[in-house]
Amino acid sequence: MTNEILKTIEEMDRQTFREDLIGWFENEMRDLPWRKDQDPYKVWVSEIMLQQTRVDTVIPYFTRFLDKFPTIEALATADEDKVLKAWEGLGYYSRVRNLQSAVKEVHEKYNGKVPDQPEAISSLKGVGPYTAGAILSIAYGKPEPAVDGNVMRVLSRILLIWEDIAKTSSRKTFESAVRSLISHENPSYFNQALMELGALICTPTSPSCLLCPVREHCQAFNTGMQNELPVKSKKKKQRSVEMVAVVLRNDKNQLLIRKRPETGLLANLWEFPNTEVGLEFRSEKEQFEDYFKEKYQVEATLDDMVGRIEHVFSHLIWNIHVFTGQLKGPIQESSKLKLVTLEEIEQYAFPVSHQKILKEVVGKI
DNA sequence: CAAACGTGGGC
DNA sequence: TGCCCAAGTTT
């Protein structure tokens, strides 16, 4: 933290700032399902779900997830396929695999109680500096910073911090600022209020400064700079990937699906067999009949292309050329390769891209 | 430290 | 349409 920022903080009326902020939060906080109690497990689940994900999106997932896995014990002993199914459509699937792994550790090593020490909780898989601070403050009332994108935006404005919040290194500046601002009387509400303010008032574009409970403390508002902050560098464009996917059906109306590798993109989700291709081969079906013969020792004849799916990820774009086809002979099923009916397929977690494929072809087979 | 890692919504 | 965003973590 620079001397400039330190000076700004020291010149603030910090006690009034805390009271204004927390007082506003007590009146205006949204009624959210993870705010019904302070159960560390529920706080934990909500924080993982909320990573890079909107509140409105999370609400139904949170309710269903807690219904299916109400306790540490329930999640620790659940089948991963069921857990992934409960997460289907939420994205960033390593979040939930890390969560279950960490919950197992808590179940076995901490007798099912979420640790309340920074070092212990930070060592759990998927619990980074933000999530550790959120759980420690919200569930355990400890005065630890929980710096997310909201907090960086809000504090960049209040304290006139010109660091690029897209840089990994910037978080430390904001953590230091929170440590010197945080209410020791109510760290939970202080942290939540900062985030709530960012979500409801101090928004990325056109912040509602006239409704802001702490505008008198805000250096950006006082100097008319609220629209210049935060400084955030652009992310680069996605690269495109051409691929072919095939919905293969046998004479019993079963479809062939496979499990993705246990690391990397969409790890351990299920999908229709597919392969990356060059632009020039995307509609040459004979190539893919050969591919399936080699990869699965299965005889398949493909129909003409039935559709094309574009799916945009944060870092790449899949352009999927979809074929249907018939499976001619038997196939050796395994834990990663299955034949399933249209009814059974609902138990398997698919990425949204492959849900689109199923929807595209389901009327045509 | 930059890149990988999903998805749906807003403008 | 294309770009940005939304309560980040891991490698």
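Analysis parameters
Residues numbered from 1 in each chain as written. Chains lettered and ligands numbered in written order. Predicted model: local features only at pLDDT ≥ 70, side-chain atom pairs only at ≥ 80, totals over all residues. Heavy atoms only, no water. UniProt positions renumbered as here; feature names shortened; annotations may be inferred. Near = heavy atom within 4 Å. Polar contact = N/O pair within 3.5 Å; in protein donor to acceptor, adjacent residues only side chain to side chain. Helix = DSSP H or I, 4+ residues; strand = E, 2+ residues; numbered from the N terminus. 1 Å grid on protein atoms, 1.4 Å probe; cavity = no way out; pocket = protein on both sides within 12 Å on 5 of 7 lines; lining within 4 Å. Points joined across faces, edges and corners; volume = space filled by probe spheres on them. Nonpolar A, V, L, I, M, F, W, Y, C, P; charged D, E, K, R; others polar. Buried < 20%, exposed > 50% of the residue type's maximum accessible area, 1.4 Å probe, protein only. Domains from an automatic or database assignment.

Per an unreviewed UniProt entry, chain A carries the name Adenine DNA glycosylase and comes from Mesobacillus persicus. UniProt's Catalytic activity (unreviewed entry) comment on chain A is quoted here verbatim: "Hydrolyzes free adenine bases from 7,8-dihydro-8-oxoguanine:adenine mismatched double-stranded DNA, leaving an apurinic site." UniProt, in the comment section headed Sequence similarities (unreviewed entry), describes chain A in these words: "Belongs to the Nth/MutY family."

Engineer: Any chance you could break down the protein's contact with DNA strand C for me, citing the residues and the numbers?
Structural biologist: Around DNA strand C, the surrounding shell holds 28 residues, and the nearest of these are Gln52, Gly126, Asp148, Asn150 and Pro204. By atom count, sugar and phosphate contribute 64% of the portion of DNA strand C lying within 4 Å of the protein. Between DNA strand C and the protein, one listed contact pairs a phosphate oxygen with a backbone N or O atom of Gln52 at 2.5 Å. Among the elements of the structure, α3 (40–50), α9 (129–138) and α10 (149–158) are those that each provide at least two residues to the surface near DNA strand C.

Engineer: Could you give an account of empty space enclosed by the protein, with specific residues and numbers?
Structural biologist: This model, assessed by the stated rule, comprises 1 cavity of 30 Å³ or more. By residue number, the principal contributor to the lining of the largest cavity is α10, which donates 3 residues. Taken together, the residues of the lining of the largest cavity break down into 10 nonpolar, 2 polar and 2 charged.

Engineer: So what's going on with unusual backbone geometry? Which residues, and what values?
Structural biologist: A cis amide bond links Leu229 to the next residue, Pro230, at an omega of 0°. In this model, Tyr92 sits at a positive phi of 45°, which is unusual for a non-glycine residue. When its relative accessible area of 46% is taken as the criterion, Tyr92 is described as partly exposed. The phi torsion at Asn268 lies on the positive side, around 65°, for a residue other than glycine. If you trace the backbone, Asn268 turns up in the loop between β2 (255–259) and β3 (270–271).

Engineer: Tell me about the layout of surface pockets, residues and numbers included.
Structural biologist: There is about 190 Å³ of room inside the second largest pocket. Taken together, Lys68, Asp79, Asp81, Lys82, Lys85, Trp270, Glu346, Gln347, Tyr348 and Ala349 make up the lining of the second largest pocket. Counted by class, the lining of the second largest pocket contains 3 nonpolar, 1 polar and 6 charged residues. Looking at which domains feed residues into the lining of the second largest pocket, each of domain 1 (3–223) and domain 2 (239–362) gives three or more.

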